[in-house]
Amino acid sequence: MVKVAVAGGSGRASNPQFFPKKKFVSREIIDALLAAKKHEITILSRSEVPTTAISPEISWQKVDYNDKRDLIGALRGIHTLLSFVQILSDADQKSQKNLIDAAISAGVKRFAPSEYGSKGTVNMAWWDGKERIREYLKEVNAKGNVLEYTLFQPGLFLDYLAFPYKTAKHVEPLQSVFDFQNRRAIIVDGHEDAILTVTTVADLAAVVARAVDYDGRWPAIGGIRGNRVTFSRILEIGSRVRGSPFAVDEVKLEDLEAGKLNTSWDLEAVHSAVSEDQASALLKAVTIGILQSSLKGAWDISDELNQLFPDYEFTPIEDFLAKTWEGKP
């Protein structure tokens, strides 16, 4: 049994719907840790203790991420620190850097930064903060193993291919370039063999819980490879589980590089925090970024944690999608 702190796990952040919400990912992992009944869990949050507790087995600590002394006090006695701090609203990543500094001062053994996506961030400016933290972790460990860490990277959540249906307890549905509901997709012309790693939210949570249990040293890269598939393979599976071929918009790479997205449909999301025009522009950027980055290996996830836990059985993509879409119009 170890003491685990979850930073940013309160579920009170506010970010546009078209970005995966770390607060909901954290809740999935907290549930998996609770189910294991092995660890003491403390949530670090900017908010006051909620009137309705997530679980009576969880402690709550209000913290100021701008106050290192406050963070050090909150982290004393903690063995493993999992960060789900939102990176979008903190360009310099001051909160996570302070968290890392405080973890080192407090004697925390292991740390996992706010990742939970692709291995690369090329063409995805909204994830620049991840690169800042990756470099910072290398810097603090440059002269020795000061803070053990891993980057949990599951690729794209397979659950997103179930949009608009919710298949996880906390993580909300999110539209992608594969629209199974309407049997359509967006791919880059001539690059149907681009690789995507897709992993269910449940598998991510289960593997992270196992990693927390693990007594050995964490690998610096924590690749979690649920399913490694090509764009064309996803279309093949889609045609089978949905009963007919997908309508495919094939966009030109040179258009994407010029910031153009010539498609018959667009990703859609609604959130009160942004205007319709802002949402449209950001969703366009996200679509272009994901398509471009897939050609550069950003979503071809490594398998370090698969190797660490070879007995774990991941959910096969076709089984998941067949079950999800069975009987759906």
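In short, a report on the structure.

Further remarks concern the overall build of the protein. Secondary structure assignment for the protein yields ten helices and 14 strands. Relative to the globule expectation of 20 Å for 329 residues, the C-alpha radius of gyration of the protein, 20 Å, shows essentially globular dimensions. Oriented by its inertia axes, the alpha-carbon framework of the protein measures out at about 55 × 45 × 40 Å. Across the 329 residues that make up the protein, the buried fraction comes to 54%.

Here helix H8 (residues 276-294) is 19 residues long and its end C-alpha atoms lie 27 Å apart, about the 27 Å a rise of 1.5 Å per residue gives. Those residues of H8 not exposed but buried are Ala279, Leu283, Val286, Thr287, Ile288, Gly289, Leu291, Gln292, Ser293 and Ser294.

A word on the nonpolar core. Leu82, Phe152, Phe178 and Leu321 are the most contacted members of the largest nonpolar core, which has 78 residues in total. Leaving out residues up to four positions away in the same chain, phenylalanine 178 has contacts with Leu161, Arg184, Ala185, Leu196, Phe231, Ile234 and Leu235. Core analysis: the second largest hydrophobic core is formed by 26 residues, Leu71, Ile100, Val108 and Leu147 among them.

The omega angle of the peptide bond from phenylalanine 163 to proline 164 is 10°, so this bond is cis rather than trans. Phi is positive for tyrosine 116, close to 65°, though the residue is something other than glycine. Structurally, the position occupied by tyrosine 116 is in the loop between strand S5 (110-112) and helix H4 (128-140). Located in the positive-phi region is asparagine 123, a residue other than glycine, with phi close to 70°. Counting through the fold element by element, asparagine 123 comes out in the loop between S5 and H4.

Here we come to the sheet that holds strand S8 (residues 156-157). Strand order in the open sheet made by the three strands is S8-S11-S13, with mixed pairing throughout. Each end of this open sheet is capped by a strand with a single partner; those strands are S8 and strand S13 (227-230). In terms of strand pairing, strand S11 (residues 195-199) meets S13 through four bridges, oriented antiparallel. Bridge pairing links valine 198 to asparagine 227 in S13.

As a packed pair, helix H6 (residues 231-242) and helix H10 (residues 317-325) sit with axes 10 Å apart at the nearest point and diverge in direction by 35°. H6 and H10 meet at a crossing whose hand is right-handed. Residues Arg233, Ile234, Ile237, Arg240, Val241 and Arg242 of H6 form the contact with H10, whose participating residues are Ile317, Glu318, Leu321, Ala322 and Trp325. A per-class count over the contact of H6 with H10 returns seven nonpolar, no polar and four charged.

Here glycine 222 is to be found in strand S12 (residues 221-223). Overall, glycine 222 belongs to the buried group, its relative accessible area being 0%. Measuring from C-alpha to C-alpha, the distance between glycine 222 and serine 264 comes to 37 Å, with 42 residues separating the pair along the chain.

At a minimum axis separation of 8 Å, helix H2 (residues 68-75) and helix H3 (residues 94-106) run at an interaxial angle of 50°. Classed by the angle they form, the pair H2 and H3 counts as oblique. In this structure, H2 meets H3 at a crossing whose hand is right-handed. Counting all contacts with H2, which are made through Lys68, Leu71, Ile72 and Leu75, the residues of H3 involved are Asn98, Leu99, Asp101, Ala102, Ala103, Ser105 and Ala106. Classifying every residue of the contact of H2 with H3 gives seven nonpolar, two polar and two charged.

Reading the values: rules and limits
Residues numbered from 1 in each chain as written. Predicted model: local features only at pLDDT ≥ 70, side-chain atom pairs only at ≥ 80, totals over all residues. Heavy atoms only, no water. Helix = DSSP H or I, 4+ residues; strand = E, 2+ residues; numbered from the N terminus. Rg over C-alpha atoms; globule rule 2.2 N^0.38 Å. Buried < 20%, exposed > 50% of the residue type's maximum accessible area, 1.4 Å probe, protein only. Expected span 1.5 Å × (residues − 1). Core = buried A, V, L, I, M, F, W, Y, C linked by side-chain atoms within 4.5 Å. Contact = heavy atoms within 4.5 Å. Pairing = 2+ DSSP bridges. Axes fitted to C-alpha atoms, helices over the stretch in contact; angles between N-to-C directions. Left-handed = near helix turned anticlockwise from the far one by under 90°. Nonpolar A, V, L, I, M, F, W, Y, C, P; charged D, E, K, R; others polar. Parallel < 35°, antiparallel > 145°, perpendicular 65-115°, else oblique.

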